[in-house]
Amino acid sequence: MTDRAAPNAQGDLPTSELLVHGQRILAWIATYLDHPERYPVLSPLAPGDVRRSLPDAPPAAGESLDRILADFESKILPGITHWNHPGFFAYFSISASIPGILAELLIAALDVNAMLWKTSPAATELEALAMSWLRQLIGLNDEWFGLINDTASISTLLALAAAREAKPDLAIRGRGMAGRSDLPVLRVYCSEHAHSSVEKGALTLGFGLENVVKIAVDDAYRMLPERLADAMAADRSAGMLPLACVATVGTTSTSSIDPVPEIAAICTRERVWLHVDGSYGGVAAVSPKFRHVLAGIEGADSLVINPHKWLFTPIDCSAFYTRHPHVLKRAFSLVPEYLVTREQDEVVNLMDYGVQLGRRFRALKLWMVMRAFGADGLAARLERHCELARRFSEWVCEADGWEVAAPTPLSLVCFRYAPLGTSEDERERLNMAILQCVNESGDAYLSHTKLAGKYVLRLAVGNIRTEEQHVARAWELLRAAAQRMSA
Ligand SMILES: *Cc1c(COP(=O)(O)O)cnc(C)c1O
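Residues numbered from 1 in each chain as written. Predicted model: local features only at pLDDT ≥ 70, side-chain atom pairs only at ≥ 80, totals over all residues. Heavy atoms only, no water.

K.L.:
What exactly am I supposed to notice about the pairing of strand 9 (residues 412-417) here?
P.N.:
It is a general feature of regular strands that their side chains alternate between the two faces of the sheet. Burial runs high along strand 9: six of the six residues are buried. With burial as the criterion, each face of strand 9 is covered, one bearing Leu412, Cys414 and Arg416 and the other bearing Val413, Phe415 and Tyr417. In terms of strand pairing, strand 8 (residues 402-404) meets strand 9 through three bridges, oriented antiparallel. Within strand 9, the position partnered with glutamate 403 by the bridge is arginine 416. Across four bridges, the pairing between strand 9 and strand 11 (residues 454-460) is antiparallel. Considered in strand 11, the bridge of cysteine 414 is made with arginine 458. (Buried < 20%, exposed > 50% of the residue type's maximum accessible area, 1.4 Å probe, protein only. Helix = DSSP H or I, 4+ residues; strand = E, 2+ residues; numbered from the N terminus. Pairing = 2+ DSSP bridges.)

Below, the structure written as structure tokens:
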């Protein structure tokens, strides 16, 4: 009996299906990218809608790709919030560019697991090369070792684990932390505006949430270095051990940039590991005009930037750099017999530098994106986004009743509607209502934050297809909503 006679019994689908449906899917993607306005940016569905539209149990017999793709269009797509839409301005907008999308297809086709150099030399070596290229693009010298993680949250977790391993006297790798009277309390510092991933890392590593010390910020939401120094001194005199500090380049609420040079000087003096979280903002250094965002980086021990956030690479792709790869390796390397290879002393085996064994071939997409756009093309796109944000903030400044709520160093604008004669409570209600109204339009999606207790709106430009018309449309919707609320 041939395979053909029992298509469900064994083997993959025939490659003829790949050709037919692959062409259909590519055509669908092209139309999707050309006409994003066909879909509302924010999915209008209610909780449970998608789940209810699909069968509870898997099919016993295989189904045709025709039927599956029809359900993708009719049942899955309505439940999609379109992060790849140029009207997406919420959180930090991201984009899957065409070279990145094509790379993902190749990555899936090869299905490489880059856990060891030997399990795909090109995957490990291209990761080193892509990290070197990106390092050069952001102006880091060659002391930095880089690898790719899924997310910044994991990169920051690795940084905190390395910080702990950098104090070998603590002997935590072998002995753990529980039940030990000889261990001091370990303290981690970040600003009030640091990302929640710092706390998640601390709780994962068993430092305890109460040992993440939140340092106050100035009126531009930047960490106050003198407060950091005071907090470390107070902790030391209480018998605790300052272990790590996380400075943020581009905070999540306002994109403020902590003063890394001053913070680095304190951390060097105190022998504290300095990790810089530049998940969004650090990417700006790809443009020579914004290279200053990484000022002082030579005094840091590790850095994360997210190409999946603002460098047109499909999620997931987070670039983690450290000047102390041997410390990271000491924290995580563990080689069971079945993973021993002949050349392990000559090569980098990426499994030695983190928690997980299996590793996607993410380097291919980052490498293809960097090649397809080039350093100048990437920089021009980032500069354009900052320019669009600057223009939007000017419109806000000039409009009656509107105000910009924080400095705009990069491509994120914090602002609100605050007409004269309204109370803070009324302003909060107004801005919440405006946000809901704009997000229900389907043309734009914005998010909010609170700054010094005040509810403010955020417009983050970062999608590769966003143009002035999309920002202008968001502004038109905002003003129309405000007018309706005030009427
Ligand atoms: C987005 C962001 C993160 C989290 O990124 P993930 O890759 O989703 O984990 C961390 N820090 C900052 C400053 C961010 O902007």
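K.L.:
What is the right way to read the sheet that holds strand 9 from this model?
P.N.:
Sheet strands line up and pair through hydrogen bonds in the backbone, either parallel or antiparallel. Reading across from one edge, 8-9-11-10 is the order of the four strands in this open sheet, with antiparallel pairing throughout. Strand pairing shows two members of the sheet lacking a second neighbour, strand 8 and strand 10 (447-451), which therefore form its edges. With strand direction ignored, the average angle separating the axes of adjacent strands in the sheet is 40°. Both strand 10 and strand 11 contribute to a ladder of five bridges, which runs antiparallel. Directly across from lysine 450, in strand 11, lies its bridge partner tyrosine 455. (Axes fitted to C-alpha atoms, helices over the stretch in contact; angles between N-to-C directions.)

K.L.:
Could you clarify how one ought to interpret the side chain of serine 155 in this entry?
P.N.:
Here serine 155 lies in helix 6 (residues 152-165). A residue is classified by how much of its surface remains accessible, and serine 155, at 0% relative accessible area, is buried. Beyond its immediate sequence surroundings of up to four residues, serine 155 is in contact with Asn149, His275, Val304, Ser318 and Phe320. (Contact = heavy atoms within 4.5 Å.)

K.L.:
Looking at this structure, I do not really get helix 14 (residues 424-440). What am I missing?
P.N.:
Structural remark: α-helix, 3.6 residues per turn; residues separated by three or four positions point the same way. The terminal C-alpha atoms of helix 14 lie 24 Å apart, and with 17 residues this matches the ideal 24 Å at 1.5 Å per residue to within 8%. Turning to helix 14, its buried residues are Arg427, Leu430, Asn431, Ile434, Leu435, Val438 and Asn439. The buried residues of helix 14 occupy an angular sector of 155° when the element is viewed end-on, so they sit on one face. Seen from the open side of helix 14, the exposed residues pointing more than 90 degrees away from its buried face are Asp425, Arg429 and Glu440. Looking at the packing, one finds that the buried side of helix 14 touches strand 8, strand 9, strand 10, strand 11 and helix 15 (468-486). At the C-terminal side of helix 14, glycine 442 shows a positive phi close to 85°. (Expected span 1.5 Å × (residues − 1). Arc of directions from axis to C-beta.)

Limitation: the analysis is restricted to geometry and does not speak to function.
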